[in-house]
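# Breakdown of the fold
One-letter residues, chain by chain:
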Amino acid sequence: MPQRDELPPAARRWLDRCLPSSSPTPERVTIKQVGTLESNDRWLGFRATGTYWAQPLAFEWRARLGIMLGMWAIATDGHDGEVGWGGAKLWGLFDLGRRRGPEVQEVQLIRNIAELAWMPDLALSDPVLRWVDAGDDAFEIQAEAAARTVTVRFDVDTRGDVVRASCEARPYDVPEGYEDAPWHYELDQHREFGSIRVPASVVATYELPDGPWEYFRAEVVEMERLANEG
């Protein structure tokens, strides 16, 4: 596992700001969110729980979406280190769409790496992640998905908080399959959950050829870390 003094300067500033050096390494991290998700030009409210693991890096996100009075759906996203998935079921029973495959693994791995902004302790515990210097105010984390290397850039402000996580080429759905586009998280409202300082709000945007598509807004309302006992 990487040591702090081996990391890029901006990454060290971030970890010094958000993660006590004595913090135990968790086995998993659970995050609860409330927010809205854009679907067919409508913003749907949701409540979600995301569970995250390291070694291998993996996550599962499960949300209850309100569609209209008396109608709701369960949406899921995730990957297990080898396979990525996503989909939704009306009332948790009837498929509204699902996706799997190498492009989905790449989509979900990029999301997972970006969300290490909430889990600096997991980032440090995974030996397969590569940390890259990107200047005085940024660093990158790289990992492998299918046959491609994915790279997520983290921008750090003068206080040491991560304020943006971005990828130059994240796949998104098109009628013929998938295309790549720049994508980013805007991260704000940093505060402490326990002893760890993380952003409480996030907005997700794709930069598509016909303009930016903002599709996800959420607030972290609860966070739990289950530490390894060994």
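In the block above lies the structure referred to throughout.
In what follows, the accompanying structure is described. (Residues numbered from 1 in each chain as written. Predicted model: local features only at pLDDT ≥ 70, side-chain atom pairs only at ≥ 80, totals over all residues. Heavy atoms only, no water.)

### Topic: the overall build of the chain
- Counting secondary structure elements, the chain contains three helices and 13 strands.
- For 230 residues, the compact-globule estimate of 2.2 N^0.38 gives 17 Å, and the chain sits close to it at 17 Å.
- Each of the three principal axes of the chain carries a C-alpha extent, and together these read 50 × 35 × 30 Å.
- The 230 residues of the chain split such that 50% are buried.
- Nonlocal contacts in the chain, meaning residues at least 24 apart in sequence, comprise 46% of its contacts between residues at least 6 apart.
- Total accessible area on the chain stands at roughly 11,500 Å², and carbon and sulfur atoms take up 48% of it.
- Taken as two groups, the 25 positive and 39 negative side-chain charges of the chain have centres that lie 6 Å from each other. (Helix = DSSP H or I, 4+ residues; strand = E, 2+ residues; numbered from the N terminus. Rg over C-alpha atoms; globule rule 2.2 N^0.38 Å. Buried < 20%, exposed > 50% of the residue type's maximum accessible area, 1.4 Å probe, protein only. Contact = heavy atoms within 4.5 Å. Areas by Shrake-Rupley, 256 points an atom, 1.4 Å probe, with all protein chains shown as cover. Lys, Arg positive; Asp, Glu negative; His and termini not counted. Charge placed at Lys NZ, Arg CZ, Asp CG, Glu CD.)

### With respect to unusual backbone geometry
- Omega for the bond connecting Q55 with P56 falls within 30 degrees of zero, at 0°, which places this linkage in the cis form.
- Position of P56 relative to the elements: it lies in the loop between strand 2 (42–53) and strand 3 (58–68).
- Look at D41: it is not a glycine, yet its phi comes out positive at around 65°.

### Remarks on helix 2 (residues 102–114)
- The end-to-end C-alpha distance of helix 2 is 18 Å, a good match for the 18 Å that 13 residues give at a rise of 1.5 Å each.
- Of all 13 residues in helix 2, eleven are buried; the element is thus mostly enclosed. (Expected span 1.5 Å × (residues − 1).)

### Quick notes on helix 1 (residues 9–18)
- Within the span of helix 1, buried status applies to A10, A11, W14, L15 and C18. Down the axis of helix 1, the buried side of the element spans an arc of 135°, and every buried residue falls inside it.
- Looking at the buried positions of helix 1, the neighbouring elements they touch are helix 3 (120–125), strand 7 (130–133), strand 8 (138–145), strand 9 (148–156), strand 10 (162–174) and strand 12 (196–208). (Arc of directions from axis to C-beta.)

### Describing the nonpolar core
- One finds I113, W131 and F139 to be the most contacted residues of the largest nonpolar core, which totals 64 residues.
- The element that contributes the greatest number of residues to this core is strand 12, accounting for seven residues.
- Other than its neighbours up to four places away in sequence, F139 contacts P8, A10, A11, W14, W131, V132, A134, V152, R153, F154, V156 and V162. (Core = buried A, V, L, I, M, F, W, Y, C linked by side-chain atoms within 4.5 Å.)

### Some thoughts on the packing of aromatic side chains
- Taken as a whole and assessed by the stated rule, the structure comprises 14 aromatic pairs.
- Between F46 and F216 the ring centres are 5.5 Å apart and the planes differ by 20°, which places this aromatic pair in the stacked class. Of the two residues, F46 sits in strand 2 while F216 sits in strand 13 (residues 211–227), which places them 170 residues apart along the sequence. Taken as a pair, F46 and F216 share a single burial class, namely buried.
- Where W61 meets F216, the ring centres are 6.1 Å apart and the plane angle is 65°; that geometry is what we call edge-to-face. In this pair, W61 is assigned in strand 3 and F216 in strand 13, connecting sequence segments 155 residues apart. (Phe/Tyr/Trp six-rings, centres within 6.5 Å; stacked < 30°, edge-to-face > 60°.)

### Thoughts on the pairing of strand 3
- Two strands pair when backbone bridges link them, and strand 2 and strand 3 are joined in this way by eight bridges, in the antiparallel orientation. Paired with A48 across the bridge in strand 3 is A63.
- Linking two consecutive strands that pair antiparallel, namely strand 2 and strand 3, is a turn of four residues; a positive phi of about 55° is found at Q55 within it.
- In terms of strand pairing, strand 3 meets strand 4 (residues 71–79) through nine bridges, oriented antiparallel. Note on strand 4: the bridge partner recorded for L65 is A73.
- Linking strand 3 back to strand 4 in an antiparallel pair, the connection comprises two residues, with G70 at a positive phi of about 80°. (Pairing = 2+ DSSP bridges.)

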